[in-house]
Amino acid sequence: MKPDTKLITLGRDPEANFGAVNPPLYRTSTVIFPTLDDYDAAKKGTYKYSTYGRYGTPTTQGLEDALAELEGADHTMLTSSGVSAFTTVLLALLSAGDHLLMADSVYDPTRRFCDHELKRLGVETTYYDPTIGAGIKALIRDNTKVVFVESPGSLTFEMQDIPAIAREAHARGALVVSDSTWATPLFFRPFEKGVDVSIHSATKYINGHSDVVMGVISTTKTHYTRILNTHKNLGACPNAGDAYLAQRGLRTMGARLRIQQESALKVAAWLRDRPEVVEVRYPALPGAPGYDLWKRDFTGASALFTILTKPYTRPQLAAMLDGMKLLKMGYSWGGYESLMIPIDPTAIRTATPWTHKGATLRLHIGLEDVGDLISDLEEGFSRANSK
Ligand SMILES: *Cc1c(COP(=O)(O)O)cnc(C)c1O
């Protein structure tokens, strides 16, 4: 089966559900055990069903199975948010005295978790240049247990040579954990590229409709039990209703991404030719930084990218952003709607300083007509330029 067909069929069994096309929403805390033998089996972990709402329901399990198959993982676990996906994995794999290598371009809350919680627990983090590739070798210590990658970085879009990093990490007994949110489970096969554990924010394209916060952990067999135990101990379970919505969103992810990718490429190419734009950081745009790695390792692109513009005053930037009709300001991305936010990576870089002096804008391209989006941006630049 091709990925598009898998998106439609996985985790769905109408015959088992009175013919209903969509798997039903099972909402439960308590599971009833009919006999004492069943009750004992639950304690031993050999009962035929999930034994408690926090450990999953048929609703969450269907989605987990679908995502595992799509991404090529042995096992997938859902979590309460994308943040709880990476915190669960890092807490499972790291102990006091261990060392973590973290890409300098990583999602800001990941950095905060390392700098505050992991530091407090005695885990040391070193940030590395995301474009370091095999050069990571020089930073790996005897106590380095995890190398964390996020390719491309979801603010500044550096592409990482994950296979090269994985080779060096594995040679020294360290694991590779990937935040694969940007690529979605459709466009990157992490386990074929040397990744041991892959996490996603399902809040983004998997759900795709800006109404759910949820996370995904996918792993090979080797690390499953360890991560599952930490997941249980932390109680970082998803809400069953959110899992229902996310599986519904998943059905159209391929179709949405096809349109969004095409539109993002058009908008990015248009922006590159604008006199106000100094650089477009969209790895899928030929000639953009990281294009060759993207082409080698990925099979598609999502619709999130960043542009670096000439210097704008605050009133100029406000004139542009306040007046946008379609590209509204808002955190998150991966929904059906376009978004644009100003970002300043200066304070969240320690290994590779951010030196751009103009504005930096992150765009998410949604399902609107691409001509309307370009007009919106064109009018935005006019408002800024005429201030
Ligand atoms: C949004 C995001 C997260 C966190 O996901 P939530 O579901 O919002 O907790 C993690 N990593 C990346 C790259 C993200 O964009």
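Residues numbered from 1 in each chain as written. Predicted model: local features only at pLDDT ≥ 70, side-chain atom pairs only at ≥ 80, totals over all residues. Heavy atoms only, no water.

1. Focus on the domain arrangement of the chain
Now for step 1: Per the domain assignment, the segments of the chain are domain 1 (3–251) and domain 2 (253–386).
Now for step 2: Taken together, the contacts link 41 residues of domain 1 with 40 residues of domain 2.
Now for step 3: For the pair domain 1 and domain 2, the two sides together bury roughly 3,500 Å², of which 61% comes from carbon and sulfur.
Now for step 4: It is Trp182, Phe187 and Tyr205 in domain 1 that bury the most area against domain 2; as a group they hold 25% of the surface buried on that side.
Now for step 5: Run the count over domain 1 and domain 2 and you get 5 salt bridges. (Domains from an automatic or database assignment. Contact = heavy atoms within 4.5 Å. Buried area = accessible area lost by both parts, 1.4 Å probe. Salt bridge = Lys/Arg side-chain N within 4 Å of Asp/Glu carboxyl O.)

2. Some thoughts on the packing of aromatic side chains
Now for step 1: Inspection of the entire model under this criterion finds 10 aromatic pairs.
Now for step 2: Judged by centre distance (5.9 Å) and plane angle (35°), the ring pair of Tyr291 and Trp294 falls under tilted. Of this pair, Tyr291 and Trp294 both sit in helix α11 (residues 291–297), separated by 3 residues, roughly a single helical turn.
Now for step 3: In this structure Trp294 comes out as buried when scored by relative accessible area, which is 9%.
Now for step 4: Members of the aromatic cluster, joined through ring pairs, are Phe33, Tyr39, Tyr47 and Tyr49.
Now for step 5: In this structure, Arg111 is placed above the aromatic ring of Tyr127, and the distance from its NZ or CZ to the ring centre is 3.9 Å. (Phe/Tyr/Trp six-rings, centres within 6.5 Å; stacked < 30°, edge-to-face > 60°. Helix = DSSP H or I, 4+ residues; strand = E, 2+ residues; numbered from the N terminus. Buried < 20%, exposed > 50% of the residue type's maximum accessible area, 1.4 Å probe, protein only. Lys NZ or Arg CZ within 6 Å of the ring centre and 35° of its normal.)

3. Describing the site of the ligand
Now for step 1: Taken together, 14 residues lie near the ligand, and Gly82, Asp179, Ser201, Thr203 and Lys204 sit nearest.
Now for step 2: With respect to the ligand, the side chain of Trp333 contributes an N or O atom lying 3.2 Å from an oxygen atom.
Now for step 3: In isolation the ligand offers 380 Å² of accessible surface; the protein chains occlude 91% of this area.
Now for step 4: Tallied by class, residues from the shell around the ligand come to 5 nonpolar, 6 polar and 3 charged. (Near = heavy atom within 4 Å. Polar contact = N/O pair within 3.5 Å; in protein donor to acceptor, adjacent residues only side chain to side chain. Areas by Shrake-Rupley, 256 points an atom, 1.4 Å probe, with all protein chains shown as cover. Nonpolar A, V, L, I, M, F, W, Y, C, P; charged D, E, K, R; others polar.)

4. Some remarks on unusual backbone geometry
Now for step 1: The omega angle of the peptide bond from Ser151 to Pro152 is -10°, so this bond is cis rather than trans.
Now for step 2: Positive phi, close to 65°, is recorded for Phe157, a residue that is not glycine.
Now for step 3: Structurally, Phe157 is set in the loop between β4 (144–149) and α6 (162–171).
Now for step 4: In this structure Phe157 comes out as buried when scored by relative accessible area, which is 2%.
Now for step 5: Although it is not a glycine, Thr184 adopts a positive phi angle of roughly 65°.
Now for step 6: Along the polypeptide, Thr184 turns up in helix α7 (residues 184–187).
Now for step 7: Looking at Thr184, the relative accessible area reads 2%, which means it is buried.

5. Focus: the pairing of strand β5 (residues 175–179)
Now for step 1: With respect to burial, β5 is a largely interior element, 5 of its 5 residues being buried.
Now for step 2: Viewed along the sheet, the connection from β4 through α6 into β5 turns out right-handed.
Now for step 3: Inspection of the sheet shows β5 paired to strand β6 (residues 197–201) by 3 bridges, in the parallel sense. Residue Asp179 lies in a different strand from β6, and its bridge partner there is Ile199. (Right-handed = clockwise from strand over helix to strand, strands pointing away. Pairing = 2+ DSSP bridges.)

6. Some words on the sheet that holds strand β1 (residues 75–79)
Across a sheet, strands are paired by hydrogen bonds formed along the backbone, either parallel or antiparallel in direction.
Now for step 1: Here we have 7 strands laid out as an open sheet, ordered β1-β7-β6-β5-β4-β2-β3, and mixed in their pairing. If you trace the sheet from one side to the other, it starts and ends with β1 and β3 (124–128), each paired once. In this sheet, adjacent strand axes meet at a mean angle of 20° when their direction is disregarded.
Now for step 2: Helix-sheet contacts for α6 involve β3, β4 and β5, and the interaxial angle to β4 is about 175°. (Axes fitted to C-alpha atoms, helices over the stretch in contact; angles between N-to-C directions.)

7. Thoughts on helix α3 (residues 58–71)
Now for step 1: Spanning 14 residues, α3 covers 20 Å between terminal C-alpha atoms, matching the ideal 20 Å at 1.5 Å per step.
Now for step 2: Where burial is concerned, most of α3 is hidden: 10 out of the 14 residues are buried.
Now for step 3: Of all the positions in α3, only Thr59, Thr60, Gly62, Leu63, Glu64, Ala66, Leu67, Ala68, Leu70 and Glu71 are classed as buried.
Now for step 4: At its buried positions, α3 is contacted by α1 (3–9), β1, α7, β6, β7 (215–219) and α9 (240–250). (Expected span 1.5 Å × (residues − 1).)

8. Re the packing of helix α10 (residues 253–272) against helix α13 (residues 370–385)
Now for step 1: Their axes nearest at 10 Å, the elements α10 and α13 cross at an angle of 30°. It follows that α10 is roughly parallel to α13 by the angle criterion. For the crossing formed where α10 meets α13, the hand is right-handed. Contacts between α10 and α13 pair Ser263, Lys266, Val267, Trp270 and Leu271 from the former with Val370, Ile374, Leu377, Glu378 and Phe381 from the latter.
Now for step 2: Classifying every residue of the contact of α10 with α13 by side-chain character gives 7 nonpolar, 1 polar and 2 charged. (Parallel < 35°, antiparallel > 145°, perpendicular 65-115°, else oblique. Left-handed = near helix turned anticlockwise from the far one by under 90°.)

9. Some thoughts on the sheet that holds strand β8 (residues 277–281)
Now for step 1: Taken in spatial order, the 4 strands make up an open sheet running β8-β9-β11-β10, and their pairing is antiparallel. Of all the strands in the sheet, just β8 and β10 (339–342) have a single pairing partner and so form its edges. Strand-to-strand twist across the sheet, computed as the mean angle between neighbouring axes with direction ignored, equals 20°.
Now for step 2: Looking at chain direction, β10 and strand β11 (residues 360–364) are connected through 4 bridges and run antiparallel. Bridging from a neighbouring strand, Met340 pairs with Leu363 of β11.
Now for step 3: The sheet strands contacting helix α12 (residues 314–322) are β10 and β11, and the helix crosses β10 at an angle near 165°.

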